[in-house]
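# Residue-level structural notes
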Amino acid sequence: MSSAEFYDNFIKVQEASGINDRIYGLYRRLCKMGLHNNSTVFEIGCGIGTLTYLLARKIKSGRIEAMDLSPKSIEYVKKYLAQSNLFLYAGNILELEPQHKAFDFVLLFDVIEHIPIEHHATLFTKVSRWMHDDSCLLINIPNPGYILFYKETNPASLQEVDQPIFTDRLATILGNAGLDIVHFETY
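Residues numbered from 1 in each chain as written. Predicted model: local features only at pLDDT ≥ 70, side-chain atom pairs only at ≥ 80, totals over all residues. Heavy atoms only, no water.

If you walk across this open sheet you meet the five strands as β3-β2-β1-β4-β5, and the pairing is parallel. On the outer flanks of this sheet lie β3 (86-90) and β5 (131-140), each paired with one strand and no other. Across the sheet, the axes of successive neighbouring strands diverge by a mean angle of 15°, strand direction being ignored. Sheet topology places strand β1 (residues 40-44) next to strand β2 (residues 63-68); five bridges connect them, and they run parallel. Paired with Phe42 across the strands is Glu65, a residue of β2. Seen against the sheet, helix α4 (residues 50-58) touches β1, β2, β3 and β4 (103-109) and runs at an angle of roughly 175° to β1. (Pairing = 2+ DSSP bridges. Helix = DSSP H or I, 4+ residues; strand = E, 2+ residues; numbered from the N terminus. Axes fitted to C-alpha atoms, helices over the stretch in contact; angles between N-to-C directions. Contact = heavy atoms within 4.5 Å.)

It is worth spelling out the packing of aromatic side chains at this point. With the rule as written, the count across this model stands at six aromatic pairs. Summarising the aromatic geometry, the rings of Tyr76 and Tyr80 are spaced 4.8 Å apart at their centres and angled 50° between planes, so their arrangement reads as tilted. Of this pair, Tyr76 and Tyr80 both sit in helix α5 (residues 71-80), separated by four residues, roughly a single helical turn. Overall, Tyr80 belongs to the exposed group, its relative accessible area being 54%. Through a chain of ring-to-ring contacts, three or more aromatic side chains come together here, namely Phe42, Phe103 and Trp130. Lying across the ring of Phe87, Arg63 places its NZ or CZ 3.8 Å from the centre. (Phe/Tyr/Trp six-rings, centres within 6.5 Å; stacked < 30°, edge-to-face > 60°. Buried < 20%, exposed > 50% of the residue type's maximum accessible area, 1.4 Å probe, protein only. Lys NZ or Arg CZ within 6 Å of the ring centre and 35° of its normal.)

Restricting attention to buried positions, one finds in helix α8 (residues 167-176) the residues Leu170, Ile173 and Leu174. Down the axis of α8, the smallest arc covering the buried residues is 100°, so these residues share one side. Exposed side chains of α8 directed beyond 90 degrees from the buried face belong to Asp168 and Asn176. Here the buried face of α8 lies against α6 (120-129) and β5. (Arc of directions from axis to C-beta.)

Laid out in structure tokens, this is it:
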């Protein structure tokens, strides 16, 4: 099964989860970082649009571009969320280019652990091109120990590609792409 097919079939799980505390907490952190009505945001791995919905409520004059590997997830978002400044794409982020060229915020919330590590250098080189001097790249990943524990004890609970992301390796890849870590938080 391809990853697109996996995530096409993952919609029910996302529906059940909805806008949970984790999603809402990430949105609140984003607001504290300066998200406003005119912000430009590129959300990579939007799924069925739970965070996209919150962004669309806040950003009325700016621009939101959101993408997901799953065409069915993008269809789902389009069915429930229509806004003239919202642009949605289905495809592989390694092959896709957004319409806007420089975003205030690029979001990778719960995404990079599902992109094979050997593609991270390419991913972050691309991401760095979509940013300007004042842009923020926000990444949320599960604790790598969590992934390792579930690989050992309950592998069926993990997604098709679900790998631990260690901060030291991620910092090197980000640095090689010209990106700096200015804030790191464990919660």
